[in-house]
Each structure stands twice: as C-alpha cells, then as structure tokens.
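Secondary and tertiary structure notes
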Amino acid sequence: MNRPSVSARAAVFGTAVLALSALAACASAPQGRSGTDSASSSGGGTYTWWDPYPQHDKSSAWAGRVNACGKEAGVTIERTAYDTTALTNQALLAGQEGNAPDVILLDNPAVSTLADAGMLATMADFGLDTSRFDKNLIAAGELDGQTYGIPIGANTLALYYNKKILDAAGVDPDSIKDWASLDAALKKVKEAGKKPITFAGIGTEEGSFQFLPWFWGAGAQLTALDSPQAVEALELWTSWVKSGIAPNSVISNSQNTTWEEFLTGEFAFAENGTWQIDSAKKAEFPTGIVQIPGKDGGVAPTPTGGEFITVPVQKDTKRYDVTKKILECMTTPEGLVETGTTFAYYIPSTADGQQRILESEPSLKPWVDAVRSAKGRTSDNLGTDYPKISEALWTGVQKALSGSADPADALKQAQAQAKQATGG
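All of the points below concern the structure found in this document. (Residues numbered from 1 in each chain as written. Predicted model: local features only at pLDDT ≥ 70, side-chain atom pairs only at ≥ 80, totals over all residues. Heavy atoms only, no water.)

**Remarks on the overall build of the chain**
Within the chain, the secondary structure is distributed over 17 helices and 11 strands. Classification of the 424 residues of the chain by burial places 56% in the buried group. Within the chain, counting contacts between residues at least 6 apart in sequence, those at least 24 apart form 76% of the total. On the chain, roughly 16600 Å² of surface is accessible, and the fraction owed to carbon and sulfur atoms is 48%. (Helix = DSSP H or I, 4+ residues; strand = E, 2+ residues; numbered from the N terminus. Buried < 20%, exposed > 50% of the residue type's maximum accessible area, 1.4 Å probe, protein only. Contact = heavy atoms within 4.5 Å. Areas by Shrake-Rupley, 256 points an atom, 1.4 Å probe, with all protein chains shown as cover.)

**Details of the packing of helix 9 (residues 228-243) against helix 17 (residues 407-422)**
Interaxial distance between helix 9 and helix 17 falls to 9 Å at its minimum, and their mutual angle equals 130°. Put simply, helix 9 runs oblique to helix 17. In the packing of helix 9 onto helix 17, the handedness of the crossing is right-handed. On helix 17, the residues touching A230, V231, L234, E235 and T238 of helix 9 are P407, A408 and L411. Here the residues of the contact of helix 9 with helix 17 sort into six nonpolar, one polar and one charged. (Axes fitted to C-alpha atoms, helices over the stretch in contact; angles between N-to-C directions. Parallel < 35°, antiparallel > 145°, perpendicular 65-115°, else oblique. Left-handed = near helix turned anticlockwise from the far one by under 90°. Nonpolar A, V, L, I, M, F, W, Y, C, P; charged D, E, K, R; others polar.)

**Re the pairing of strand 3 (residues 103-107)**
Across the five residues that make up strand 3, a large majority, five, are buried. Across the two faces of strand 3 the burial is the same, with V103, L105 and D107 and I104 and L106 all buried. Looking at chain direction, strand 1 (residues 46-51) and strand 3 are connected through two bridges and run parallel. Within strand 3, the residue paired with W50 across the bridge is I104. In the sheet, strand 3 pairs with strand 11 (residues 307-310) via four bridges, with the strands oriented antiparallel. Bridge pairing in strand 11 links D107 to E307. (Pairing = 2+ DSSP bridges.)

**Concerning the sheet that holds strand 9 (residues 267-273)**
One key point about sheets: their strands pair by backbone hydrogen bonds, in either a parallel or an antiparallel sense. In spatial order, the strands read 8-9-7-10; together these four strands make up an open sheet with mixed pairing. Each edge of the open sheet carries a strand with a single partner, namely strand 8 (195-198) and strand 10 (287-290). On average, each strand axis in the sheet is inclined to that of its neighbour by 25°, with strand direction left out of account. Where strand 7 (residues 157-162) lies against strand 9, five bridges are found, and the strand directions are antiparallel. Residue pairing in the sheet places A158 in a bridge with N272 of strand 9. Strands strand 7, strand 8, strand 9 and strand 10 of the sheet are contacted by helix 10 (residues 255-263), whose axis makes an angle of about 150° with strand 9.

**Section: the state of the cysteines**
On inspection of all chains with the given rule, the structure shows one disulfide. Bridging C69 to C329, the disulfide has an S-S length of 2.1 Å. In this structure the cystine formed by C69 and C329 twists about its S-S bond by roughly -75°; its chirality is therefore left-handed. Here C69, found in helix 2 (residues 61-72), pairs with C329, found in helix 12 (residues 320-330); they are 260 residues apart in sequence, far enough to count as distant. Across the pair, exposure class does not vary: C69 and C329 are buried alike. (Disulfide = S-S within 2.5 Å.)

Here's what the structure looks like:
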C-alpha cells in the first residue's frame, strides 16, 4: 500500500483519533517509553511492549507470560498497559515522534488505523510466516494485501440460554437452526409467561458489534447498509421490541447490562460473548449456548473481538530479529492456549491451538465453532472506513428501535451518512 509521508502523519493522526473514539471509551494512560532503550540482534537490552490490559499488573500470569517470552528471546521486556483507545492514540503519537515501542497489542479494528498511518511493519518485513493462522481471523489485520499483525486469540458472540426456562417452555435449543425456528422458540417462551431475549442495541460500537451477526446472517454487507438484506435484519430486531419479545431496555443496553439482565434468571436468551463463560458457569441456573443462526440456516458470521500483536516501524531494523523471536514465542500452539486460558477465554487463532485448548476444555467446542465462522469488522478491506460505517449503522439501529424511523428509512439515512463520511 502507499503509506503517507512522515509530514502527512499529523493529519492522519487527527482523523484516526476521532474515528477511534467511536470504538472504545478513552481513559487516562501512563507515560510512554523514554526512547533511550536499545538492544542488538545478538541479544540483551530492553524491548518495549504496550498492551490494553491495565487490569493485569506486574504480578499477574499475563505479565509473567510476556516476561518469559522476553527471557526466551534473550532480552528484558518493559511492559506498559493502557486502556484500549488511550493505547492506540498514544501509539499514533509515538509513531509521529519516532519513539514507538517494539511491540503493541491492539484491538483488532485499530490495526488498519495504525497501518494506514504508516506506523506498522508488515509481518513480511521481518519474515514472520502467517499461513498457520485462521484466514478469517487474520483478515482483520490485513490492509491492501499486506498483513500488519497476528491475532493472539479471538472472542465472539453467541446466544446464552437459561435451560430452566427453556425446559419449562418446551423449547429444545438444538431445534434452533434459522430465524424462523428461533422466532418460534421465543414465542413459546413468551406464551409460558417468561421474558424471551435481551441484547445490546446501545448507540455505540457495542450496538454495532451485537447487530452484525444478524446483519451478516441475512447476507448484508457493510458497504451497503440499506440493502434489502440489511433491512430484514433490522426488521427482526424491531419486531422483537414491538411485540415484547425483547425489552425496551435494549435500546440503551451495553453488553454488561444485558448480561446483568440475563443473570437475574428472568430471560431465556441473551446475546453475549466468550468473556462471560466463567460468569455463566457461576449463574444460579443451568446455562448453555447456541450459535446465532443465519436467516435461512447455518451459523451467522459473528464479529471477532480480541487483540493483534503488531510491530511498529523501527529506525534500527536490527531490532526486528529479537522482535520476531518474541512474537514466535507468544504464538506457539502452547502459547496461544496459555493466553486463551489467562483471559478466560480467548479462542486460539490457529487450528493447532484450538485443538489443544479443546483437549483441556472440551466445553469450549461451541465457541471454537463460533470463532471459526466469525469475521473481522475491518475485513473486506474496509480498513479505516469501518469506524465511520459502524457509527452510521448504530445510528440507524437506534432510530429503528426507538420508533423514530422504520427500518428501511433508518438504514437509507445510515447509508447516506456512511457514504458522506467515507467519501464513497
């Protein structure tokens, strides 16, 4: 791809910060690296590592894992943790100043932003083979035919269910194969006097994230928000709210508040993610999951969450030799499983890693299946256009759910907004 010159990066940075504010909430962050650390390919020295996990301190298993890979590569790793958006914005600033760290773990939609700013080395730049990573997962790190990062794992969405409610309503979760069978199950739950389903339709990236399985499951594409298939998906959601299948609270629900609703034991289904696996095990009722179905059957593509390991461009390219060793250590099959279990749970991003995690946690098979059919939000070479399209999409969803516009008109307006924002 054609990268902007160093002099052009200030303009790219300003645009990128505005776009990334739509993907996650900003928060205060610690100071970046001083720029005085150095090391050679022969080993020794300090390598800098930034990640979005401030909840994992120096004594955590995650910090130990990072440090172990540094030790294996013969260097000391200086790790700094930021909140997600603060990390990306700080990284863009560091790139402008020529003071970038050696390794950054980025939320996958942000990879294309830093790549477009000319800040990231391609995996080919230092000879890292990416062929073993699942194509649907690594696609989120690709832009214009180049790969700018590798996924350390992935999480995604499915439908959790309350087995007690389904049993009482006479619903077999295995019968849910498409939208028609899901609708039939939800109506049975309602007829039994229970609350059928809850989801997060909030006017943020979380709302788009939760809507995308239905959008993609209808056959819609993010380049045409007002297609007949897209309208069908939004009509499904709005019909649930209008008929009382879903509560009005979905309009303002975040994924966390949706989960809190589900844990009350009052809802039969909740759309949520891999990160709730442990919480579901501790619920006061038996739970299970079913894949989100496509409109006419099969598993709907669900959006991937999770971070990519990326390598900022370095003036001293000799540093890449050690950086490659660190990345290889982090992404062995054993390493991907260790990362997956550390974060309870990330699904490994390679077939070998997935097989190994299933050997120790066979209950994760539905999630492994979900990740295998998942799709990156910036896939289809959307790159830095994705945040703008997503904002238009969640705005349209909000209009339809609130009743201020019917689904077709709401998405027609959304497509016009996306086209103007992207210059399409």
